[in-house]
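# Close look at the chain arrangement
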Amino acid sequence: MRHRAWHVNGEWFPKDDWEDLSGEFTSPPTVVSWGPERLDIFALGLGKDMYHKAWHVNGEWYPSLGTWEPLGGQFTTPPTAVSWGPDRLDIFALGTRNEMRHRAWHVNGEWFPKDDWEDLSGEFTSPPTVVSWGPERLDIFALGLGKDMYHKAWHVNGEWYPSLGTWEPLGGQFTTPPTAVSWGPDRLDIFALGTRNEMRHRAWHVNGEWFPKDDWEDLSGEFTSPPTVVSWGPERLDIFALGLGKDMYHKAWHVSGEWYPSLGTWEPLGA
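One structure accompanies this document, and this report is about it. (Residues numbered from 1 in each chain as written. Predicted model: local features only at pLDDT ≥ 70, side-chain atom pairs only at ≥ 80, totals over all residues. Heavy atoms only, no water.)

Before going further, it helps to examine the overall build of the protein chain. Secondary structure assignment for the protein chain yields 0 helices and 29 strands. Taken over C-alpha atoms, the radius of gyration comes to 20 Å for the protein chain, in line with the 18 Å a tight globule of 271 residues would show. Taken along the three principal axes of its C-alpha coordinates, the protein chain extends 55 × 45 × 30 Å. Relative to its 271 residues, the protein chain shows a buried fraction of 49%. Counting only contacts in the protein chain whose residues sit at least 6 apart along the sequence, the fraction spanning at least 24 positions is 34%. Accessible area of the protein chain: about 13500 Å², with a carbon and sulfur share of 54%. Side chains of the protein chain carry 22 positive and 39 negative charges; the gap between the two charge centres is 2 Å. (Helix = DSSP H or I, 4+ residues; strand = E, 2+ residues; numbered from the N terminus. Rg over C-alpha atoms; globule rule 2.2 N^0.38 Å. Buried < 20%, exposed > 50% of the residue type's maximum accessible area, 1.4 Å probe, protein only. Contact = heavy atoms within 4.5 Å. Areas by Shrake-Rupley, 256 points an atom, 1.4 Å probe, with all protein chains shown as cover. Lys, Arg positive; Asp, Glu negative; His and termini not counted. Charge placed at Lys NZ, Arg CZ, Asp CG, Glu CD.)

Inspection of the secondary structure assignment puts Trp160 in strand 18 (residues 160-161). The spatial distance from the C-alpha of Trp160 to the C-alpha of Pro29 is 27 Å, given a sequence separation of 131 residues. In this structure, Trp160 is in contact with Phe92, His102, Glu118, Leu120, Leu138, Ile140, Lys152, Ala153 and Trp154, ignoring residues within four places of it in sequence. One polar contact links Trp160 to Glu118, side chain to side chain, over a distance of 3.3 Å. (Polar contact = N/O pair within 3.5 Å; in protein donor to acceptor, adjacent residues only side chain to side chain.)

Below, the discussion takes up the packing of aromatic side chains. Applying the stated criterion across every chain, the model contains 13 aromatic pairs. Considering the side-chain rings of Trp253 and Trp259, the 5.1 Å spacing of their centres and the 70° angle between planes classify their relative orientation as edge-to-face. In this pair, the class of Trp253 matches that of Trp259, namely buried. Members of the aromatic cluster, each reached through a chain of ring pairs, are Phe42, Trp105 and Trp111. Directly above the ring of Trp167 sits Lys152, whose terminal nitrogen or CZ lies 5.3 Å from the centroid. Note that Lys251 overlies the ring of Trp266, its terminal NZ or CZ placed 5.2 Å from the centroid. (Phe/Tyr/Trp six-rings, centres within 6.5 Å; stacked < 30°, edge-to-face > 60°. Lys NZ or Arg CZ within 6 Å of the ring centre and 35° of its normal.)

A separate point is unusual backbone geometry. A cis amide bond links Phe13 with the next residue in sequence, Pro14, at an omega value of -15°. Here Pro14 shows up in the loop between strand 3 (12-13) and strand 4 (19-20). Along the chain, Tyr260 connects to Pro261 via a cis peptide bond; the corresponding omega equals -15°. In this structure, Ser22 takes a positive phi of about 65° despite not being glycine. One can find Ser22 in the loop between strand 4 and strand 5 (30-32).

This part is about the pattern of salt bridges. For the structure on display, the rule yields 13 salt bridges. Asp119 serves as the salt-bridge partner of Arg97, at 3.1 Å between the closest nitrogen and oxygen. Of this pair, Arg97 sits in the loop between strand 11 (88-94) and strand 12 (100-105) while Asp119 sits in strand 14 (residues 118-119); the two residues are 22 residues apart in sequence, bridging distant segments of the chain. A relative accessible area of 49% places Arg97 in the partly exposed class. (Salt bridge = Lys/Arg side-chain N within 4 Å of Asp/Glu carboxyl O.)

Among the secondary structure elements, Lys53 is positioned in strand 7 (residues 50-55). It is 9.6 Å that separates the C-alpha atoms of Lys53 and Val31, two residues lying 22 residues apart in sequence. Lys53 has contacts with Leu21, Leu39, Asp40, Ile41, Trp61, Tyr62, Pro63, Ser64, Leu65, Thr67 and Trp68, leaving out every residue within four places of it along the chain. There is a polar contact of 3.2 Å between the side chain of Lys53 and the backbone oxygen of Ser64.

The next thing to look at is the side chain of Arg187. Following the sequence through the fold, Arg187 ends up in strand 21 (residues 187-193). The exposure class assigned to Arg187 is buried, which follows from its relative accessible area of 12%. In this structure Arg187 touches Trp133, Val181, Ser182, Ala203, Trp204 and His205, once residues within four positions along its chain are discounted.

With that settled, the discussion passes to the pairing of strand 21. The element strand 21 is extensively covered by neighbouring structure, given that 7 of its 7 residues are classed as buried. Taking every second residue as pointing to the same face, both faces of strand 21 are buried, with Arg187, Asp189, Phe191 and Leu193 on one and Leu188, Ile190 and Ala192 on the other. As defined by bridge partners, strand 20 (residues 179-184) adjoins strand 21 across 4 bridges and the pair is classed as antiparallel. Across the sheet, Thr179 pairs through a bridge with Phe191, a residue of strand 21. Taking the residues between adjacent antiparallel strands as the criterion, strand 20 and strand 21 are bridged by 2 residues, where Asp186 takes a positive phi near 65°. Bridge analysis of strand 21 against strand 22 (residues 199-204) gives 6 bridges, and the strand direction is antiparallel. Of the residues in strand 22, the one forming a bridge with Phe191 is His201. (Pairing = 2+ DSSP bridges.)

Right, dumping it as structure tokens:
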């Protein structure tokens, strides 16, 4: 694992090279931060088991350079990690039966489950996508065996919905893993490419239901890459993806409550 950082003093560290964090891995790293002076890195080792390293507020790596914290398990996808606030981490990946596995770091300073991974069941064909709209809330999305979308949420009341052993079916049929984003509490937007490589979208509204109610919104286009989506604040979404010529296209949801450009068109951003 290699690392480089831009410091508040206005320079790169290391200045002329990259820091060697050691290890030997079979997946790209996944990195999350729960606040200032904190980084958590996760990656799969040679045996497809999970490893972890953290940068602490005291200014040092844990474990120290040359070592990584083993988290066990055996996985078929890279880790997906999210934090809903200080001292909280949630890590997800598919296990050897393509079931969803989960482990969390709690504010009480220990991993849960303590010595293994929680089995969230299911059988999936894509890595999970996970988003949090606030403390005590997680939403997980992944594609099932029929390339349709499934969803599970952790609620503020301290339980999974649907309950363990089941997932909420969201339908559709997709050729790329889901991309999910939240612009605030009680809002989720999910995107993926459909069977014609068109952009598909579905949203969870603050009124407590999915839109469209029984299907997916067709945002048109024909793309060769999964979408990347970002929100800079409430009522704003920006979607980017590559077209047939590998050129970039863009579409935005405005605070005025409409898509720009209008449905059926995308803004070309060139090669």
